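Chain by chain, the residues:
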Amino acid sequence: MHIVLCPLPGRKGGAALSLPGDPGSRASETKMKTLLVVGLGNVLRGDDGAGAYACLALARRWARRSGWAVRRGDGAAEGPEVEGGRVRVRFLEGILDPFAVLEAVQAPEVRRCLVLDAVRAGLSPGETVRWELRELEKEGGSGVLASLHGVDLLQVLELGRLAGLGRGPRLVVWGIQADPGCLWGRRLSPSVGRGLRSLVLAAERELAEWVRAERAAGAADA
Amino acid sequence: MSMGMSSETGVRIETGAGTGARQVTVDYLARVEGEGKLAISIQGRKLESLVLDIFEPPRFFQGFLVGRRYNEVHEIVSRICGICPVSHQITALQAIESALGVAVSEETRLLRRLLAVAQTFQSHVLHVYMLALPDYLGFPSVLEMAREESLRPAVERALRLKKLANNLTALVGGRAVHPVTAVVGGFTAVPGRAEVAQALARLEQVEDDIWKTLRLVAGLQLPRVERADAEQVALVHPQEYPVNEGELHSTRGAAATAATYRTVIEERQVPHSFALYSMVRGRGPFLVGPLARVNLNFAHLTPEVRQAAEELGWEFPDENPFASIRARALEIYYCWQECIRLLRWYQQRLGELPAGVTTMRERVRPRPVNVRAGQGAALTEAPRGLLYHSYRLGRDGRVEEADIVSPTAHNVANIQRDLEVFVADLLEKDEELTDEEIALKSEMLVRSYDPCISCSVHFLDVKVERH
């Protein structure tokens, strides 16, 4: 069994597998503090797929550098999961439906959520930007994040709040400015392709800080 | 010309001084996936011209597929759309299997049906509650609607039902958004007993939500579009409500199989749009989607669903495109029942397995494929209507040619025709109607089709020169 960290099959074939019905470690599921990394976007639509590619690159890098165990998905997962030291990181890539993010962040074990996405923020293509959810809400960031039929992620999270689902975990967005001319195809624009590494490294630094904070909190609890 | 514009709605209104000429332009069609523009020119109380302009660039999905192996296609096409990945996946699998002469087991067929009805369930819930309801209740968006205390339970219901349906997709497909378990010839993994029992229990708890959805839709006042030349197209199956199988039929007698689809449906270019306009050969545009399905297959809905339609006073066939929301509500009921039926069937089959065998994996395991050159096509019913995939494979099993026509690509010409009739009728019947109201009602009509413009693959980069 292997996990292929690529959203589309390579020339040699192969597919990411997530087997529903696998018992996994259900008993420890709720105790394991989970950090979500969500890569938004469509990998067939040029720069729109930058978030998905960044998510997969980060998953691959994290698995390689941390030496954490790679788990198979448990039916709800949209990508690989890694875990180590009582903290789990769940990577959800290629998400186009913001309701899927709402459902993912509502899981009781989820402590924080890092969203990676291509954005329209008035920057130069390939530049990265970081927002806390509350900053986006203040600016009415509609249209910045993944949208399905015009209902975007911020609206969906607000809907969840209004529907009594609570505010969910702390959410941080790392965005990369898309090139407006790169709308189609399986390749990123040169600028975004170059900027992707910065995005992945910045997200990795933040994720590492989160892991340290969760472990420290866990040690204090113990 | 004087001009006014609302930045919130993207509606521009231009008025010709003293000429009685007006132009209403909806620059951005809210709550429609992708982007589109609608320009309406009015002279006095007469509609002068109406152009639904799709300015989304062309999609190159078909090009992506050329050169890919037969067993990669379904994974790539599932990425076309965030709402209907299952439909593209299953249609591609069936077309490829047709090209390679692969037969699947009954278990595979029914698990694919379960995947598809779960997807239609969640797509219809999204449309009814999040996209259509704000129009009918007078809110600019679902968020504004949710801020209204009395409507909060409806939003909670929508989120509950959507989550339930997404979980079903994840149960069978392995992932809720881009399922991964369905492959050429079968499934790589199957749900376990405990998960199925849990899913069934959750489904059985929401009957009240389903009925509340039906009653909510029954309370809506629907506008009407009357067209003498209306034609509706859907799959028809002799034994069941069509999902992944059946033959194409129309309300005006057109008929085709997947193999003969191109002899019945043609595509034409129009100067004002990137979209190719689908037509029934020798006639004109047609409607696909839940309304066409219900109209052509009412007898194959369950007795309970037909009874619900009768109790609510809904008569089918109904050619009014605004009645699509009623068809969607009925299909939510149908899909809910069908998910329960299929999960119970699955439980029963698990119970019949020989001693020592604990999963259905053997029944759905993909069989060896004899790779060869071939051509195959498939037609399915996606949530938004008829979906067509066709592939020509070379001797090495790689795609040489792909042809995909999505439900929205089928519907675009009909939306344009409906709008022309609807707006002309509005102008004739109500001289007090403001331009903002015309724009809103036109948008409602477009939204009633639930178009997914960004996944309409038959969009061409057309340059038009005018002299």
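Our subject in this report is the structure included herewith.

Thresholds, definitions, all that
Residues numbered from 1 in each chain as written. Chains lettered and ligands numbered in written order. Predicted model: local features only at pLDDT ≥ 70, side-chain atom pairs only at ≥ 80, totals over all residues. Heavy atoms only, no water. Helix = DSSP H or I, 4+ residues; strand = E, 2+ residues; numbered from the N terminus. Buried < 20%, exposed > 50% of the residue type's maximum accessible area, 1.4 Å probe, protein only. Pairing = 2+ DSSP bridges. Salt bridge = Lys/Arg side-chain N within 4 Å of Asp/Glu carboxyl O. Contact = heavy atoms within 4.5 Å. Axes fitted to C-alpha atoms, helices over the stretch in contact; angles between N-to-C directions. Parallel < 35°, antiparallel > 145°, perpendicular 65-115°, else oblique.

**Observations regarding unusual backbone geometry**
All names here are of chain B.
Part 1: F316 connects to P317 through a cis peptide bond whose omega is 5 degrees.
Part 2: Structurally, the position occupied by P317 is in the loop between α11 (303-311) and α12 (324-351).
Part 3: With a phi angle near 55 degrees, D450 is a residue other than glycine that sits in the positive phi range.
Part 4: Assignment of secondary structure puts D450 in the segment after α15 (435-448).
Part 5: The class of D450 is buried, set by a relative accessible area of 2%.

**Brief notes about the pairing of strand β14 (residues 385-393) of chain B**
Residues and elements named next belong to chain B.
Part 1: With 8 of 9 residues buried, β14 lies mostly within the body of the structure.
Part 2: Summarising the sheet, strand β13 (residues 374-382) and β14 pair through 9 bridges and their orientation is antiparallel. Bridge pairing in β14 links A382 to G385.
Part 3: Hairpin connection, β13 to β14: the antiparallel pair is bridged by 2 residues.
Part 4: Two strands pair when backbone bridges link them, and β14 and strand β15 (residues 399-405) are joined in this way by 6 bridges, in the antiparallel orientation. The residue bridging L393 from the neighbouring strand is V399, located in β15.
Part 5: Here β14 folds back onto β15 in antiparallel fashion, the turn holding 5 residues, of which G397 has a positive phi close to 80 degrees.

**Here we look at the pattern of salt bridges**
Part 1: Counted by the stated rule, this structure contains 49 salt bridges over all chains.
Part 2: Salt-bridge contacts for A:E93 lead to B:R175; the nearest nitrogen and oxygen are separated by 3.1 Å. Of this pair, A:E93 sits in strand β4 (residues 87-95) while B:R175 sits in the loop between α6 (152-173) and β6 (182-183), each in a different chain.
Part 3: For the salt bridge of B:D418 with B:R227, the shortest nitrogen-to-oxygen distance reads 2.7 Å.

**A look at the side chain of B:S278**
All names here are of chain B.
Part 1: With respect to the helices, strands and loops of the structure, S278 is situated in strand β12 (residues 276-280).
Part 2: Residue classification places S278 among the buried positions, given a relative accessible area of 0%.
Part 3: If we ignore the near neighbours within four places in the chain, the residues touching S278 are I265, E266, E267, P285, F286, V405, A409, H410 and A413.

**As for the packing of helix α10 (residues 290-297) of chain B against α12(B)**
Residue and element names in this part refer to chain B.
Part 1: Relative orientation of the contacting elements α10 and α12 amounts to 70 degrees, with a least axis distance of 8 Å. The orientation of α10 relative to α12 falls into the category roughly perpendicular. Mapping the contact onto sequence places P290, L291, R293 and V294 in α10 and S324, A327, R328, L330 and E331 in α12.

**Remarks on the environment of B:R398**
All names here are of chain B.
Part 1: Its location among the elements puts R398 in the loop between β14 and β15.
Part 2: You can call R398 partly exposed: its relative accessible area is 27%.
Part 3: Counting along the chain gives 333 residues from R398 to L65, while the straight-line C-alpha distance between them is 8.9 Å.

**Structural notes on the environment of A:G41**
Part 1: Within the secondary structure layout, A:G41 lies in the loop between β1 (33-40) and α2 (50-66).
Part 2: Residue contacts for A:G41: discarding those within four places in its chain leaves A:D48, A:G49, A:A52, A:G94, A:I95 and A:L96.

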